[in-house]
Amino acid sequence: MSTPSGNSATPAMPAARQSLTTVCAAMAGVIPLMTLVLWFVLATDGIGEFPESWPLLVVLAAAVGAYSICELTGFRTPPLEYSSRPAAEVQADSWRRFTASTFTRFAVCEAVFLISVALAFVAASFWVVLLGAVIALPLFFWEAWPGERNQRRFAAALESGGVPSYLTGRPQD
């Protein structure tokens, strides 16, 4: 038996967030899938020999750079301006801006994995891809997943001018 939406203990997820979460889950799933495919290409004898340290250090440096870019600029956006638009239109505009920011942060996080793929062919070692995947996935989930943390951070930037964004369903405190 279904319960009316008004009696639910947890509020329903907005359609925009649900769609964005589905897309992000699909994009995140590509990293393990590509890692598996590259295992067949690069790991001809098991997992292979551990490579020299320079490709691994480049991947780590790329991860530090990606994290820094996401933290320092990934949640910046011009604040909403006062207008007579209805709240639903303001919320839709907020979700469009949040979605664009999420895709940008995902691209920065995925660059870590893509750099590791290129370096794996140079170093001829699957270990480089494995390290890239192990670093890129948690980085993506921390910086680009459309969860409460990222939603609140982006809403705070949108609302810094005093106009509610309704991104989290309510104005930020």
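Every value quoted in this text rests on a predicted model; they were computed, and no experiment measured them.

### Some details on a nonpolar patch on the surface
Judged by side-chain polarity, Leu33, Leu36, Val37, Trp39, Phe40, Val41, Ile47 and Phe121 come together as a nonpolar surface patch covering roughly 780 Å² of accessible area. Positionally, phenylalanine 121 belongs in helix α3 (residues 87-123).

### Thoughts on helix α2 (residues 53-73)
Its 21 residues place the ends of α2 30 Å apart at the C-alpha level, agreeing with the 30 Å of an ideal helix rising 1.5 Å per residue. Those residues of α2 that fall on the buried side of the exposure criterion are Pro55, Leu56, Val59, Ala62, Ala63, Ala66 and Cys70. Down the axis of α2, the smallest arc covering the buried residues is 120 degrees, so these residues share one side. Exposed residues lying more than 90 degrees from the buried face of α2 are Leu57, Val64 and Leu72. Turning to α2, the residues buried within the fold contact α3 and α4 (126-143).

### Details of the packing of α3 against α4
Running from amino to carboxyl end, α3 crosses α4 at an angle of 180 degrees, the nearest separation of the two axes being 8 Å. Judged by the inter-axis angle, α3 sits roughly antiparallel to α4. In contact with Arg105, Phe106, Cys109, Val112, Phe113, Ser116, Val117, Leu119, Ala120 and Ala123 of α3, α4 contributes Val128, Val129, Gly132, Ala133, Ile135, Ala136, Leu139, Phe140 and Glu143. The residue inventory of the contact of α3 with α4, partitioned by class, reads 15 nonpolar, two polar and two charged.

### Here we look at the environment of valine 134
By the secondary structure assignment, valine 134 is in helix α4. Counting along the chain gives 104 residues from valine 134 to valine 30, while the straight-line C-alpha distance between them is 13 Å.

### Here's the deal with unusual backbone geometry
Backbone geometry places alanine 124, a non-glycine residue, at a positive phi of 55 degrees. Mapped onto the elements, alanine 124 comes out in the loop between α3 and α4. Unlike most non-glycine residues, tyrosine 166 shows phi in positive territory, near 60 degrees.

### Regarding the state of the cysteines
This structure, assessed with the given rule, holds zero disulfides. There is no disulfide at cysteine 109, and the cysteine sulfur nearest it, in cysteine 70, is 3.9 Å away. For cysteine 109, a relative accessible area of 0% puts it in the buried group.

### A word on α3
Between its first and last C-alpha, α3 extends 54 Å over 37 residues, near the 54 Å set by a 1.5 Å rise per residue. At alanine 111, α3 shows its largest bend, some 25 degrees. Count one or two residues on from α3 and you reach alanine 124, which has phi positive near 55 degrees.

### A few points about the packing of aromatic side chains
Throughout the structure, instances matching the rule amount to eight aromatic pairs. Between tryptophan 95 and phenylalanine 98, the aromatic rings sit 5.5 Å apart at their centres with planes inclined by 80 degrees, giving edge-to-face as the arrangement. Here phenylalanine 98 and tryptophan 95 lie together in helix α3, a separation of three residues that amounts to about one turn. Assessed through its relative accessible area of 5%, tryptophan 95 is described here as buried. With a relative accessible area of 0%, phenylalanine 98 lands in the buried category. Their ring planes at 85 degrees and their centres at 5.1 Å tell us that phenylalanine 106 and phenylalanine 140 sit as a pair that is edge-to-face. One end of the pair, phenylalanine 106, is in helix α3; the other, phenylalanine 140, is in helix α4, with 34 residues separating them in the sequence. As far as burial versus exposure is concerned, phenylalanine 106 and phenylalanine 140 are alike and both buried.

The rules behind the values
- Counting starts from 1 at the beginning of each chain's written sequence and moves along it residue by residue.
- Given that the model is predicted, a residue must reach a pLDDT of at least 70 before its local features are reported, and side-chain atom pairs must reach 80 or more before they are shown or counted; all residues, however, enter totals for whole chains, interfaces and linings.
- Only hydrogens and water are set aside when side-chain values are computed; all heavy atoms of the structure are taken into account.
- Two distance rules govern patches: like charges are joined within 9 Å, and nonpolar side chains (Val, Leu, Ile, Met, Phe, Trp, Tyr) within 5 Å, applied only to residues with over 30% relative accessible area and no salt bridge.
- Only the protein chains shown count as cover for residues, and the accessible areas themselves come from Shrake-Rupley with a 1.4 Å probe.
- Criterion for a salt bridge: a side-chain nitrogen of Lys or Arg within 4 Å of a carboxyl oxygen of Asp or Glu.
- Secondary structure follows DSSP: runs of H or I at least 4 residues long count as helices, runs of E at least 2 residues long count as strands, and numbering of each begins at the N terminus.
- A helix is expected to reach a length of 1.5 Å times the quantity of its residues less one.
- Categorising residues by exposure relies on relative accessible area from a 1.4 Å probe, with only protein chains included: less than 20% of the type maximum marks a residue as buried, more than 50% marks it as exposed, and the intermediate range marks it as partly exposed.
- As used here, the arc is the angular range of directions from the helix axis to the C-beta atoms.
- Contact definition: two residues touch when any of their heavy atoms are within 4.5 Å.
- Interaxial angles span 0 to 180 degrees and are taken between N-to-C directions of axes, which are lines fitted to C-alpha atoms, for helices over the stretch in contact.
- We call two directions roughly parallel when the angle between them is under 35 degrees, roughly antiparallel when it is over 145, roughly perpendicular when it lies between 65 and 115, and oblique otherwise.
- Amino acids outside the nonpolar list (Ala, Val, Leu, Ile, Met, Phe, Trp, Tyr, Cys, Pro) and the charged list (Asp, Glu, Lys, Arg) are all regarded as polar, and Gly is one of them.
- In this description, a disulfide is simply a cysteine sulfur pair whose atoms lie within 2.5 Å.
- To get the bend at a given residue, fit one axis to the seven residues ending there, fit another to the seven starting there, and take the angle between those axes.
- Pairing of aromatic rings covers Phe, Tyr and Trp, the last counted by its six-membered ring, and requires centre-to-centre distances within 6.5 Å; plane angles under 30 degrees mean stacked, over 60 mean edge-to-face, and any other angle means tilted.

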